[in-house]
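Descriptive analysis of the structure
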Amino acid sequence: MPDFSRESSEVAMRFHRDAEWYVASRTQDLYVFRIHANSERVVELFLRLTTHLDDLVELVITHERDAVSWRATTRFLPTVREALGRLRWPLASFGGTELSLITEDDQVTLTPLLELVIYSHQTQWRERLEAEGVFQREQLPTPLFDPRTVPWSPAPELTQALASVVERLKMEQVP
């Protein structure tokens, strides 16, 4: 007879605990957290974790498909988060774009392969990740392929969404 007395969160964690993990490392005073989850969840985590950044951020976007990058400095975090929220579904569907929010002490980056990397001079990210239900793993798994060989197919929906964000945040193209 099944045991239905368990907490619902315990049952939910049973099915995705191994799919959402992070690996932490430290070099001198810099902590690096590499977070892995499915595409929709990693984009959600990117948006949720950026709430912990300072009020003013620098945003860098690199669109791998078109080999173009944009930068915006000293932007108000809620405005940036609202604009990036519009990219949630195109990013999760297509990938191929790197987003970095940068402050004096932290950098939160969503990679083109839809992994999340946090660089920080602070240790609080470990607690923040575990509060989100992401658990630590001792080491990165062996990669199954070389990410530099990913062929980026056209994604017009993502390109249009990026153009809208770039215009909305008045970003400048960088060489």
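Details of the overall build of the protein
- When its secondary structure is counted, the protein shows six helices and nine strands.
- Per-residue burial over the protein gives 39% buried out of 175 residues.
- For the protein, contacts bridging at least 24 residues in sequence account for 66% of all contacts bridging at least 6.
- When the accessible area of the protein is evaluated, it comes to approximately 10600 Å², of which 50% is carbon and sulfur surface.

Structural notes on unusual backbone geometry
- Phi is positive for Ala 67, close to 50°, though the residue is something other than glycine.
- Among the structural elements, Ala 67 can be located in the loop between strand E3 (56-63) and strand E4 (68-76).
- Positive phi, close to 60°, is recorded for Leu 114, a residue that is not glycine.
- With relative accessibility at 11%, the residue Leu 114 sits in the buried group.

Observations concerning the confidence of the model for the protein
- A residue-level look at the protein finds 86% of positions with pLDDT of 70 or above and a mean pLDDT of 88.
- Ranking the elements of the protein by mean pLDDT puts helix H1 (residues 8-16) last, at 47, and strand E6 (residues 106-110) first, at 98.
- Counting interchain partners and residues more than four positions distant, the pLDDT-below-50 stretch residues 1-6 has one contact.
- Low pLDDT, under 50, characterises residues 11-15; the stretch is placed with three contacts to residues that sit more than four places away or in other chains.

Quick look at a negative patch on the surface
- Together, Asp 54, Asp 55, Glu 104 and Asp 105 make up a region of like negative charge exposed at the surface.
- Here Asp 55 is to be found in the loop between helix H2 (39-49) and E3.
- A residue is classified by how much of its surface remains accessible, and Asp 55, at 54% relative accessible area, is exposed.

Describing the sheet that holds E4
- In space, the nine strands of this open sheet follow the order E8-E1-E2-E7-E6-E5-E3-E4-E9, with mixed pairing throughout. Each edge of the open sheet carries a strand with a single partner, namely strand E8 (135-136) and strand E9 (172-174).
- When E3 meets E4, the two strands line up antiparallel, connected through seven bridges. Counterpart to Val 57 in the pairing with E4 is Arg 75.
- Each of E3, E4 and strand E5 (97-102) is contacted by helix H6 (residues 156-168), which is oriented at about 150° to E3, the strand it contacts most.

Cut-offs used in this document
- Residues numbered from 1 in each chain as written.
- Predicted model: local features only at pLDDT ≥ 70, side-chain atom pairs only at ≥ 80, totals over all residues.
- Heavy atoms only, no water.
- Helix = DSSP H or I, 4+ residues; strand = E, 2+ residues; numbered from the N terminus.
- Buried < 20%, exposed > 50% of the residue type's maximum accessible area, 1.4 Å probe, protein only.
- Contact = heavy atoms within 4.5 Å.
- Areas by Shrake-Rupley, 256 points an atom, 1.4 Å probe, with all protein chains shown as cover.
- pLDDT = per-residue confidence, 0-100.
- Patch = residues over 30% accessible without salt bridge, like charges linked within 9 Å, V, L, I, M, F, W, Y side chains within 5 Å.
- Salt bridge = Lys/Arg side-chain N within 4 Å of Asp/Glu carboxyl O.
- Lys, Arg positive; Asp, Glu negative; His and termini not counted.
- Charge placed at Lys NZ, Arg CZ, Asp CG, Glu CD.
- Pairing = 2+ DSSP bridges.
- Axes fitted to C-alpha atoms, helices over the stretch in contact; angles between N-to-C directions.

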